[in-house]
Amino acid sequence: MTLGPALEVFKNHTVLLTGSTGALGACLLYKLAVQLPTKKIYVLIRSTPDVALQKWRDLMPDQMESIILSQKLHYIRGDISQPSFGLDNLSMEKLCRDVTLIVNAAADISFASNILEAVRANCLPALELARLASEFSSLKLFVQISTAYVNSFLPDGEVEEKIYEVSDNDPEDVLSSILDSGNSSDTARFFSSYSHAKYLMERLLLERYPTLPLMLLRPTCFGPALRDPYRLYGPDSSLPLNEFGKAFIAMRDPAQIFHATEGSQSGTNVLDEIPVDFIANACLLHAANETYGIVHVGCELYVSRTFDDFIDLYRLVVPPEKQASGVGRYPFLPNGVVLEHCYDHPGSDQCPENELSQILSDGSTSQTAAFAWPCAQAKHLAERLINIRHPDLPVMILRPSFLGPAIQHPYPLYDVNGTSPLSVLGEIYLLDDGGNRFHSLETLAKNGTLNNSSGSSATASVDTQPSSYNYRENRL
């Protein structure tokens, strides 16, 4: 990384970095320690230095030696959930005297959290750090990582780098209500409780600490790194579209319904994903220039990728002969989202009752070949006939993917021979005399480039559902 004149200012910067074991925080740590002439880096850690070092080694194993050899790291034990972060007097004295730049990258990016959990993880710690920072005598800038989705309650259109009000409610009253009751009427207007918590954090930081030299950085979705600390760096748990991609590829009978944008029949909405090292670069460049206020960081102007584009990327790893298949019961549907309702076969206008009569009479129909297997056609027919014959019946149709051995109940690996398709396949494979041929897929290589040679192994995702797993509550 070639230093520009603006970045030379880091020679005089002593940085307090939080969230250093997260995707963005670790990238910032690498840049501050290795690529920039930073004077000193105070790293807030909750546990021991050995634990932090192991987490960094797991994230960026080839970069750790250079980070350690920089001799810039100084550990500060603290817990962001505690008053004053649980800092002892000596640590607080060091920070008050030395720190010129704060980068608060600590966050819990969990879209499943309720608003109380999200506020405790993503709002209160930032407010407490700002209170402490007000006593830092050498502070030049406080950088708070927020999110572009603090304004997810707004209608489609341009979103400026400013605060928008979600309601007339005073943010202090909203925070008090959440801490007392555990909920807020405003949360439903946001993309997630996480974005609502970040919205409250922004409002309260600006109102409580109007003289604090503050920059609010609002990135869009974190994406894999383009270059630093290495290409495609980033844990999947911090990369929303990677997590979604894994779930989408594994999906057979999806529990999710994906809604097209208003006025569109498909996913024409832009999914703005920006490489995590670009976010780190933006953060550090604005810090070097002592930018105050709100800064948006996104990638849409450079690479505008829609939901449709994103789904098309997955099709690169699906062989052509499989691209007509979708959910087991609906292999005749084109690739895309399969909603939770009954589909008619597009090549047939045959009445389900007539189809059943023909099967009972002739043993098959012309539509059988369009399904993955006869059982799938039978289930499809059963669903349609139940809905037609008994429209007033309070029925729920449950569509699992493959059944797999149990995780826990009635005992681990519980399975009845013949009911777990992959167990049966395993038996066939072990007894195979070479007469069966298993076709592999062309896949994306680990380095992110497409492997154009014929696939040498079966890397396709196979969706097997443990019989004792509760997906809705995500627990056993």
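Residues numbered from 1 in each chain as written. Predicted model: local features only at pLDDT ≥ 70, side-chain atom pairs only at ≥ 80, totals over all residues. Heavy atoms only, no water.

With an unreviewed UniProt entry as reference, the protein is termed Fatty acyl-CoA reductase, source organism Penicillium antarcticum. We quote the UniProt Function (unreviewed entry) comment for the protein here in full: "Catalyzes the reduction of fatty acyl-CoA to fatty alcohols." UniProt annotates the protein under Sequence similarities (unreviewed entry) with the comment "Belongs to the fatty acyl-CoA reductase family." (UniProt positions renumbered as here; feature names shortened; annotations may be inferred.)

Right, let's talk about the pairing of strand S5 (residues 141–145) for a bit. Counting buried residues along S5, five of its five residues qualify, which places the element largely inside the surrounding structure. Going residue by residue along S5, you find Leu141, Val143 and Ile145 tucked away on one face and Phe142 and Gln144 tucked away on the opposite face as well. Sheet topology places strand S4 (residues 101–104) next to S5; four bridges connect them, and they run parallel. Its bridge partner being in S5, Asn104 is matched across the sheet by Gln144. Examined bridge by bridge, S5 and strand S6 (residues 214–219) share four bridges and lie parallel to one another. Residue pairing across strands places Val143 opposite Met215, the latter belonging to S6. (Buried < 20%, exposed > 50% of the residue type's maximum accessible area, 1.4 Å probe, protein only. Helix = DSSP H or I, 4+ residues; strand = E, 2+ residues; numbered from the N terminus. Pairing = 2+ DSSP bridges.)

Our focus in this paragraph is the sheet that holds S4. Strand pairing in a sheet takes place through backbone hydrogen bonds and is either antiparallel or parallel in direction. Spatial strand order, S3-S2-S1-S4-S5-S6-S9: seven strands in an open sheet with parallel pairing. Single-partner strands in this sheet number two, and they are strand S3 (73–77) and strand S9 (293–297). Here the average twist between neighbouring strands, direction ignored, is 20 degrees. (Axes fitted to C-alpha atoms, helices over the stretch in contact; angles between N-to-C directions.)

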